[in-house]
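# Survey of secondary and tertiary structure
Next come the chains, spelled out residue by residue.
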Amino acid sequence: MRHPAGLVVTGLGVTTAVGQGKTAFTDALFAGAHRFAVMERPGRQLGTRFVGAELPVPKPTSRLGARELRTASLTGQVALTTLEEAWTEAGLDGYDADRVGLVIGGSNLQQRELVLAQDRHRAKPRFLRPSYGLSYLDSDLCGLCTTAFGIRGFAHTVGGASASGQLAVIEAAEAVASGRVDVCVALGALADLSHWELLGLRAMGAMAAEDHADAPAEACRPFDQGRSGFVYGEACAALVVERAGARPDAPAPYARLSGWSVRLDGNRDPNPSLDGETAAIRGALDHAGLTARDIDYVNPHGTASPAGDTTEVAALKACGLTHAAVNATKSITGHGLTAAGAVEAAAALLQLRQGRLHPTRNLTDPIDDAPHWVRDAAVEADIQHCLSLSMGFGGINTALCLSACDA
Amino acid sequence: MTKDKTFTLITEAVREILPELADRDLSESDTLDALGANSMDRAEIVMTVLEEMDLDIPLVETHGPQNLGELAQHLSDTAAAKAR
């Protein structure tokens, strides 16, 4: 049954290495751009030469003073800039602050800066700055954002590993659907990894090895036979969710949030599950009142993990989605981890609005010919209904169905 | 460490933690409250100065002084007492 809430997305903010702001991001998507290189941000080396996509530190928001911004982490600064773009587009200044909520997707978001602070004070721990007691908490980002934007409805984080961003969108949709708030912003936060997380993710085999350091452009290859794991990419996205027509001066929506689903595998490990993924896809379609035939486009999780990509293609085939166009946003942005689900929902919405689908970088030898891949160049596409998929370690599967407002 | 040197460290820390005061002259009679420091800012300022002085005392022992001059005097005296 179609969800009765009539929820829409009225504002988007996107900050990635390939583009800061949705206009630059959209251009980069259609051009198949990339910013992959050996990572240089302090706290990400420890003798390694991992490839990733690092973004330029954004200009500080004018909504906070220098004192508040001094202790804002990279994750916090990027969240503020990204939220600003979505907030301004949706025209939320002046709206009843008690009726606005914020869901931040992600946990353990500021690891790199914590490691740097620990390193600075390792020899004299008693002089650790008191602000560490705030900044080690992910919810400090809620404090920062609600201070800057005056949000009073509610704010909290949700953790779902690499599905966190999409989980935030789903929780924001639920909050508006239930009437808890009128408007809810979902933010997939930048996961600021330190060398420790990079080493752990590589050791478990999820992340691509260092042997791409001499050819970083070719490291990230979702759904390609030559893939060897995900390549990290700093990113953040914000989506403003509300009821269609609830605010007279709201801008024209990007699309409807027509259905969603969260399914668990009951599995603590990182391995994917065909059953879990197909259940999430079917759950979202059912929620939206659609069938697989109605879906024109799938924005997959597509990390370039050897097992993950294979399982995801099997899920698309099992659900009867091989007719739908598929591209892999992570081939351009890298894997934003906690941000990915929100960044990819934003990518789907921007493509839907433009009537175009972006190419998939490095898809030279697909692992399966059944999906309708968008490979070397952007293509025109009339998208009425699309699916965005996310999966997270610990058996988390989410699917989000987005539909054109007149579909 | 002399009181004057300690006062200089305090003004440097105040300007670091409260960047909007970068161009303001600070005097010994200024209070952190009046300068706009909240409790977190105050703790950050004092901890920054304690690290510069390598003076390992609990923050609670720095709560008595009422203004920057008294704080400089207190920290300078405490450092001298610990050095004895």
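Residues numbered from 1 in each chain as written. Chains lettered and ligands numbered in written order. Predicted model: local features only at pLDDT ≥ 70, side-chain atom pairs only at ≥ 80, totals over all residues. Heavy atoms only, no water.

## Topic: the overall build of chain A
What chain A contains, in helices and strands, is 12 helices and 16 strands. Against the 2.2 N^0.38 benchmark of 22 Å for 407 residues, chain A shows a C-alpha radius of gyration of 20 Å, consistent with a compact globule. In terms of overall dimensions, chain A has C-alpha extents of about 60 × 55 × 40 Å along its principal axes. Looking at chain A as a whole, 60% of its 407 residues are labelled buried. Accessible surface, chain A as shown: approximately 14,600 Å² in total, 50% of it carbon and sulfur. Counting 35 positive and 44 negative side-chain charges, chain A places the centres of these two groups 6 Å from one another. (Helix = DSSP H or I, 4+ residues; strand = E, 2+ residues; numbered from the N terminus. Rg over C-alpha atoms; globule rule 2.2 N^0.38 Å. Buried < 20%, exposed > 50% of the residue type's maximum accessible area, 1.4 Å probe, protein only. Areas by Shrake-Rupley, 256 points an atom, 1.4 Å probe, with all protein chains shown as cover. Lys, Arg positive; Asp, Glu negative; His and termini not counted. Charge placed at Lys NZ, Arg CZ, Asp CG, Glu CD.)

## Regarding the domain arrangement of chain A
Residues and elements named next belong to chain A. Parsing chain A into structural domains produces domain 1 (7-243) and domain 2 (257-403). Here the C-alpha centre of domain 2 lies 21 Å away from the C-alpha centre of domain 1. On the side of domain 2, 63 residues touch domain 1, which itself brings 64 residues to the contact. Of the roughly 4,900 Å² buried between domain 1 and domain 2, counting both surfaces, carbon and sulfur atoms make up 69%. Its largest share of buried area at the contact with domain 2, domain 1 owes to F30, Q166 and F223, together 20% of the area lost on that side. D309 is the partner of R227 in a salt bridge, and the nearest nitrogen-oxygen pair spans 3.6 Å. Counting every contact that joins domain 1 to domain 2 gives 26 residue pairs in polar contact (both at pLDDT 80 or more). (Domains from an automatic or database assignment. Contact = heavy atoms within 4.5 Å. Buried area = accessible area lost by both parts, 1.4 Å probe. Salt bridge = Lys/Arg side-chain N within 4 Å of Asp/Glu carboxyl O. Polar contact = N/O pair within 3.5 Å; in protein donor to acceptor, adjacent residues only side chain to side chain.)

## Some thoughts on the environment of A217 of chain A
All names here are of chain A. Here A217 is to be found in the loop between α8 (195-203) and β7 (232-233). Along the sequence, A217 and N362 sit 145 residues apart, while their C-alpha atoms lie 8.6 Å from each other. For A217, the residues in contact, after removing those within four places along its chain, are H34, R361 and N362.

## Focus on the sheet that holds strand β3 (residues 51-53) of chain A
Residues and elements named next belong to chain A. The mixed open sheet is built from 3 strands, whose spatial order is β2-β3-β7. Either end of the sheet is taken by a strand with one partner, and the two such strands are β2 (36-38) and β7. In terms of strand pairing, β2 meets β3 through 3 bridges, oriented antiparallel. The partner of A37 across the bridge, within β3, is G52. (Pairing = 2+ DSSP bridges.)

## A closer look at helix α9 (residues 274-288) of chain A
All names here are of chain A. In a regular helix each residue adds 1.5 Å, so 15 residues correspond to 21 Å; α9 covers 21 Å between its end C-alpha atoms and thus fits that length. Between a side-chain oxygen at the N-terminus of α9 and the backbone nitrogen of D275 the separation is 3.3 Å; the capping residue is S273. Positive phi shows up at G289, right after α9, with a value of about 70 degrees. (Expected span 1.5 Å × (residues − 1).)

## Observations concerning the packing of helix α1 (residues 3-17) of chain B against helix α3 (residues 68-83) of chain B
Residues and elements named next belong to chain B. Direction vectors running N to C along α1 and α3 enclose 120 degrees, while the axes themselves pass 8 Å from each other. When the axis of α1 is compared with that of α3, the two are oblique. Crossing hand, α1 versus α3: right-handed. The residues of α3 that touch α1, namely those facing K3, T6, F7 and I10, are L68, G69, L71, A72, Q73, L75 and S76. Its residues assigned to classes, the contact of α1 with α3 shows 6 nonpolar, 4 polar and 1 charged. (Axes fitted to C-alpha atoms, helices over the stretch in contact; angles between N-to-C directions. Parallel < 35°, antiparallel > 145°, perpendicular 65-115°, else oblique. Left-handed = near helix turned anticlockwise from the far one by under 90°. Nonpolar A, V, L, I, M, F, W, Y, C, P; charged D, E, K, R; others polar.)

## What about the pairing of strand β9 (residues 255-264) of chain A?
Residues and elements named next belong to chain A. The element β9 is largely enclosed, with a buried count of 7 among its 10 residues. Of the pairings in the sheet, the one linking strand β1 (residues 7-16) to β9 comprises 2 bridges and is antiparallel in character. Looking across to β9, one finds that V8 is bridged to R256. Bridge analysis of β9 against strand β16 (residues 396-403) gives 8 bridges, and the strand direction is antiparallel. Note that in β16 the partner of S261 across the bridge is A399.

## Remarks on the environment of G308 of chain A
Turning to its location among the elements, G308 of chain A is positioned in helix α10 (residues 306-318). Under the relative-accessibility criterion, G308 of chain A is labelled buried at 16%.

## Brief notes about the interface of chain A and chain B
Contacts between the two partners involve 13 residues from chain A and, on the opposite side, 20 residues from chain B. Of the roughly 1,400 Å² buried between chain A and chain B on both sides combined, carbon and sulfur atoms contribute 55%. Of all residues in chain A, R67, R70 and F127 of chain A bury the most surface against chain B, accounting for 51% of the area lost on that side. Applying the counting rule to chain A against chain B returns 8 residue pairs in polar contact (both at pLDDT 80 or more). Looking at the side of chain A that touches chain B element by element, the count peaks at 3 residues for helix α2 (residues 66-70) of chain A. Residue composition of the side of chain A that touches chain B, grouped by class: 5 nonpolar, 3 polar and 5 charged.

## Here we look at the sheet that holds β9 of chain A
Residue and element names in this part refer to chain A. Strand order in this open sheet of 11 strands is β5-β4-β6-β8-β1-β9-β16-β15-β10-β11-β13, and the pairing throughout is mixed. Among the strands making up the open sheet, the edge pair consists of β5 (154-158) and β13 (372-373). Sheet topology note: the strand β11 (residues 325-326)/β13 ladder contains 2 bridges and is parallel. When the sheet's bridge partners are listed, A325 is paired in β13 with H372. Helix-sheet contacts for helix α3 (residues 74-90) involve β1, β4 (100-105), β6 (183-188) and β8 (235-243), and the interaxial angle to β1 is about 145 degrees.

## Overview of the UniProt feature "domain: Carrier" (unreviewed entry) in chain B
Under the feature "domain: Carrier" (unreviewed entry), the UniProt entry names residues 4-79 of chain B. Counted over residues 4-79 of chain B, helix gives 54% and strand 0%. Its end C-alpha atoms are 13 Å apart. (UniProt positions renumbered as here; feature names shortened; annotations may be inferred.)

## Here's the deal with the pairing of β16 of chain A
Residues and elements named next belong to chain A. Burial analysis of β16 places 8 of its 8 residues in the buried class, which makes it a mostly covered element. Covered by surrounding structure in β16 are I396, T398, L400 and L402 together with N397, A399, C401 and S403, the residues of both alternating faces. Taken together, the 8 bridges between strand β15 (residues 385-392) and β16 define a ladder with antiparallel strand orientation. Considered in β16, the bridge of S390 is made with T398. Hairpin geometry of β15 and β16 is characterised by an intervening segment of 3 residues between the two adjacent antiparallel strands and by a positive phi of about 90 degrees at G394.

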